[in-house]
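Residue-level structural notes
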Amino acid sequence: MIPISSVDLGPEVEAEVLKVLRSGMVAQGPVVAEFERRFAELTGVRHAVAVNNGTTALVAALQVLDLQEGDEVLTTPFTFVATLNAILEAGATATFADIAESDFNLDAAAAAAAVTDRTAVLMPVHLYGQTVDAGAFRELADSHDLALVEDSAQSHGATFEGRAAGSFGLGCFSFYGTKNLTTGEGGVITTDDDTLADRLRVLRNQGMRARYQYEVAGHNYRLTDLQAAVVLPQLDRYAATVARRKANAARLTEGLDGVPGLVVPRELPGRSHVWHQFTVRLTPDARVDRDEFVARLTEAGIGNGIYYPRLVFDYDCYRDHPRVRVGDVPVAERIVREVVSLPVHPKVSDADVDTIVSAVRSILGA
Ligand SMILES: *Cc1c(COP(=O)(O)O)cnc(C)c1O
């Protein structure tokens, strides 16, 4: 079986974790601080604030924006549920605009048309490892005086015109076990804003400035040194990891381009894709439907995934929610029925890619 994702830790990680264990300092301490320094550097921002997971990162980012009751956060309907849960947990109302077929991401023009006088935050998601049209979102935020929160959970180090995901607004990253970089569970908020970074640091630690000096009603959102130790060796070799993902994506693209009924994903001009997922679309003219395609891939030993089987609001708990406002999103409605992700992670070898390509070609009669 070629798995759809795989964790690659190894002896360097074991050594780092053992150092922390032996130091006796297992809670938030110097290793978290080192992780924050290095991740800020990777993202090209002044501050990275580590928290206990990616959902918390989104909630904390919204919390330091001081939203008022009735404020709306405009996001994409095609994302992991955490994006929506974070908006609701922060007390805001979620609204949606349609996505672009070219990159699966929230479409900037559709977002502009969906802004209302209650919109306070734009929250696009850099899905599958490719950024949104980040320049357009920055301009839209500036022209309407909106905050920009980037759900960057899947796009560590992805760039738009040379600038990294998470450097256009408040960047929210996940370090969950299946992401491109992992601490098991973990999150980071990135920003160039000194005041917001300071408020995030206080908020994550019970609202405490100095020992027993409380400034706001805070939380315990802290990451631990034990967790941060897991990611440091991954940061050392992240450029090579991304290069391997890019090579796999290029070989998959070359092998699958032009297969009838199949649309391969593209890295758009000016963007550097970090290939968290390699997601093809099976169009209605394909020889088999998606259920059969997926069943035959699995039979052939090829891991696959449907991210995501439904639009994020398409469950009763959200459709009936008083703070979820569902709009018309025809492109997303179509694409959600077409996507299938194939293995692209660094442990996929050239031979594995060739196996995937020939299986897909044979299933689709190419
Ligand atoms: C993984 C993910 C999150 C949430 O991160 P956790 O660390 O699992 O809480 C949020 N948004 C997107 C798009 C994700 O893929």
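Residues numbered from 1 in each chain as written. Predicted model: local features only at pLDDT ≥ 70, side-chain atom pairs only at ≥ 80, totals over all residues. Heavy atoms only, no water.

For clarity, the threshold we go by: UniProt positions are given in the numbering used here, feature names are shortened, and annotations may be inferred rather than shown by experiment.
The chain appears in an unreviewed UniProt entry as Aminotransferase from Cellulomonas phragmiteti. The annotation that UniProt attaches to the chain under Cofactor (unreviewed entry) is "pyridoxal 5'-phosphate". Annotation of the chain in UniProt includes, under Sequence similarities (unreviewed entry), the sentence "Belongs to the DegT/DnrJ/EryC1 family."

Considering the pairing of strand β1 (residues 47-51)
Along any regular strand the residues' side chains alternate between the sheet's two faces. Counted only if it meets this: Each residue is assigned to one of three classes by its accessible area relative to the maximum for its type, calculated with a 1.4 Å probe on protein chains only: buried under 20%, partly exposed between the two thresholds, exposed over 50%. What counts as a helix is a DSSP run of H or I of at least four residues, what counts as a strand is a run of E of at least two, and both are numbered from the N terminus. Only strands that DSSP links by at least two bridges are regarded as paired with each other.
Of all 5 residues in β1, 5 are buried, a share of seventy percent or more. Pairing between β1 and strand β9 (residues 187-191): 5 bridges, direction antiparallel. Looking at the pairing, A48 lines up with T190 of β9.

Description of the packing of helix α3 (residues 54-63) against helix α4 (residues 81-89)
Which entries qualify depends on this criterion: For helices, the axis comes from a line fit to the C-alpha atoms of the stretch in contact; other axes are also lines fit to C-alpha atoms, and the angle between any two N-to-C directions lies between 0 and 180 degrees. The hand of a helix crossing depends on one turn: near helix anticlockwise from the far one by less than a right angle means left-handed, and clockwise means right-handed. Two residues qualify as a contact provided that any one of their heavy atoms is within 4.5 Å of a heavy atom in the partner residue. Note on residue categories: nonpolar means Ala, Val, Leu, Ile, Met, Phe, Trp, Tyr, Cys or Pro, charged means Asp, Glu, Lys or Arg, and polar means any other residue, Gly included.
Taken N-terminus to C-terminus, the directions of α3 and α4 make an angle of 35 degrees; their axes are 9 Å apart at the nearest point. The element α3 and its partner α4 pack so that their crossing is right-handed. Taken together, the residues of α4 that come into contact with α3 (itself represented by T55, L58, V59 and L62) are A82, T83, A86, I87 and E89. In terms of residue class, the contact of α3 with α4 is made up of 6 nonpolar, 2 polar and 1 charged.

Brief notes about the pattern of salt bridges
Using the following cut-off: Here, a salt bridge means any Lys or Arg side-chain nitrogen found within 4 Å of an Asp or Glu carboxyl oxygen.
Enumeration according to the criterion identifies 24 salt bridges in this entry. A salt bridge links D103 to R271; the nearest nitrogen and oxygen atoms lie 2.8 Å apart. Placement of the pair is D103 in the loop between β3 (93-96) and α5 (108-114) and R271 in strand β11 (residues 271-272), with a sequence separation of 168 residues. Judged on exposure class, the residue D103 and its partner R271 are both buried. The residue E215 makes a salt bridge to R209 at a minimum N-O spacing of 2.8 Å. Each of the salt bridges in this network shares a partner with another, and the network as a whole consists of E101, R281, R334 and E338.

Details of the side chain of R290
For R290, the location among the structural elements is in helix α10 (residues 290-299). If we skip the residues at most four places from it in the chain, R290 touches L282, I306, V336, R337, E338, V339 and V340.

Section: the sheet that holds strand β10 (residues 262-263)
Reading across the sheet, the 3 strands line up as β10-β12-β14 and stay open at both edges, with antiparallel pairing between neighbours. For this open sheet the edge positions go to β10 and β14 (339-342), each flanked by a neighbour on one side alone. Its contacts with the sheet put α10 on β12 (278-282) and β14, and the angle it makes with β14 is roughly 15 degrees.

Quick look at the layout of surface pockets
What counts, and what does not: Here a cavity is any set of points on a 1 Å grid over the protein atoms alone where a 1.4 Å probe fits but cannot get out, and a pocket is any open set with protein on both sides within 12 Å along at least 5 of 7 lines; a residue lines the site when it has an atom within 4 Å of a point. Grid points are joined across faces, edges and corners, and a volume is the space filled by probe spheres set on the points. An automatic or database domain assignment supplies the residue ranges for each domain.
Size it by volume and the largest pocket reaches roughly 510 Å³. Around the largest pocket sit 30 residues that line it, and F80, Q154, Y176, T178 and K179 are the ones nearest its centre. Where the lining of the largest pocket is concerned, the elements lending two or more residues are α3, α4 and β8 (170-174). Per-element tally for the lining of the largest pocket: the top contributor is α3, with 3 residues. Split into classes, the residues belonging to the lining of the largest pocket amount to 11 nonpolar, 15 polar and 4 charged. When residues are assigned to domains, the lining of the largest pocket turns out to be shared by domain 1 (11-236) and domain 2 (239-363), each giving three or more. By volume, the second largest pocket amounts to about 230 Å³. Broken down by element, the residue count for the lining of the second largest pocket peaks at 3 residues, all from helix α9 (residues 238-256). Residues that form the lining of the second largest pocket fall into these classes: 5 nonpolar, 8 polar and 5 charged.

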